[in-house]
Amino acid sequence: MFFTKKKQEAVCSADLLFDILSDDLADGLCTDIFFTMDGQKHRFGAYGDAGETRKNVVFYLDEQEYDSREALKEKASVDGRRLYGSGMTVTVTECNGCYPDSTPRLVPYIAR
């Protein structure tokens, strides 16, 4: 008999996405987070040269790209609502190719 792991989701503030991004940037890693908000799927993160984020970093929310983390914080919006600082809640379905339970900052927000 085989058991499959139930896909877990983390329900958290949109600001937490920026905290995860900051953690990854400090480690020189790319970030790729899939989340839903109001039933719509979105993609958030950063990438750079050679799969790391040490130079030529591009930040994004869905199809929109930004040249800095500050621009992402100030301008990224979903349905006309600014993502950062809004208090909006998102449901993270995947973080850097894994389920949310593999990202320590998301573990406390996993719906059990």
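Residues numbered from 1 in each chain as written. Predicted model: local features only at pLDDT ≥ 70, side-chain atom pairs only at ≥ 80, totals over all residues. Heavy atoms only, no water.

Participant: Just to check I follow, could you spell out the overall build of the chain for this structure?
Facilitator: Within the chain, the regular secondary structure consists of two helices and eight strands. Put simply, the chain runs from its N terminus to its C terminus through helices and strands in the order β-α-β-β-β-β-α-β-β-β. Since a compact globule built from 112 residues should have a radius of gyration of about 13 Å, the 14 Å found for the chain is in line with a globular shape. In terms of its C-alpha atoms, the chain occupies a principal-axis envelope of roughly 50 × 35 × 20 Å. Buried positions account for 39% of the 112 residues belonging to the chain. Across the chain, the fraction of contacts at a sequence separation of at least 24, relative to all contacts at a separation of at least 6, is 55%. For the chain, the accessible surface area stands at approximately 6,800 Å², while carbon and sulfur atoms represent 47% of it. (Helix = DSSP H or I, 4+ residues; strand = E, 2+ residues; numbered from the N terminus. Rg over C-alpha atoms; globule rule 2.2 N^0.38 Å. Buried < 20%, exposed > 50% of the residue type's maximum accessible area, 1.4 Å probe, protein only. Contact = heavy atoms within 4.5 Å. Areas by Shrake-Rupley, 256 points an atom, 1.4 Å probe, with all protein chains shown as cover.)

Participant: Any chance you could explain the side chain of T31 here in plain terms?
Facilitator: Here T31 is to be found in strand β2 (residues 31-37). Those residues within four positions of T31 in sequence are excluded, and the remaining contacts are L21, D24, F44, G45, A46, Y60 and N96.

Participant: Help me understand helix α1 (residues 15-26) in this model?
Facilitator: Three- or four-residue spacings in an α-helix give side chains the same orientation, since the helix completes a turn every 3.6 residues. The terminal C-alpha atoms of α1, which comprises twelve residues, lie 17 Å apart, in line with the 16 Å expected from a rise of 1.5 Å per residue. Within α1 the residues assigned to the buried category are L16, L17, F18, I20, L21, D24 and L25. Buried residues along α1 sit against β1 (10-13), β2, β3 (40-47), β4 (58-61), α2 (69-75) and β8 (89-95). Immediately beyond the C-terminal end of α1, within one or two residues, lies G28, with a positive phi of roughly 75°. (Expected span 1.5 Å × (residues − 1).)

Participant: Help me understand the pattern of salt bridges in this model?
Facilitator: Side chains that differ in charge, positive against negative, can pair when their charged atoms come close. Counted under the stated rule, the structure contains four salt bridges. A salt bridge links R105 to D19; the nearest nitrogen and oxygen atoms lie 3.9 Å apart. Here R105 is found in the segment after β8, whereas its partner D19 is found in helix α1, with 86 residues between them in sequence. R105 sits in the partly exposed class, given a relative accessible area of 37%. Of the charged contacts in the structure, one is a salt bridge between R105 and D23, with a shortest N-O distance of 2.5 Å. With R105 in the segment after β8 and D23 in helix α1, the pair connects residues that are 82 residues apart, well separated along the chain. Accessibility expressed as a relative area gives 29% for D23, which makes it partly exposed. (Salt bridge = Lys/Arg side-chain N within 4 Å of Asp/Glu carboxyl O.)

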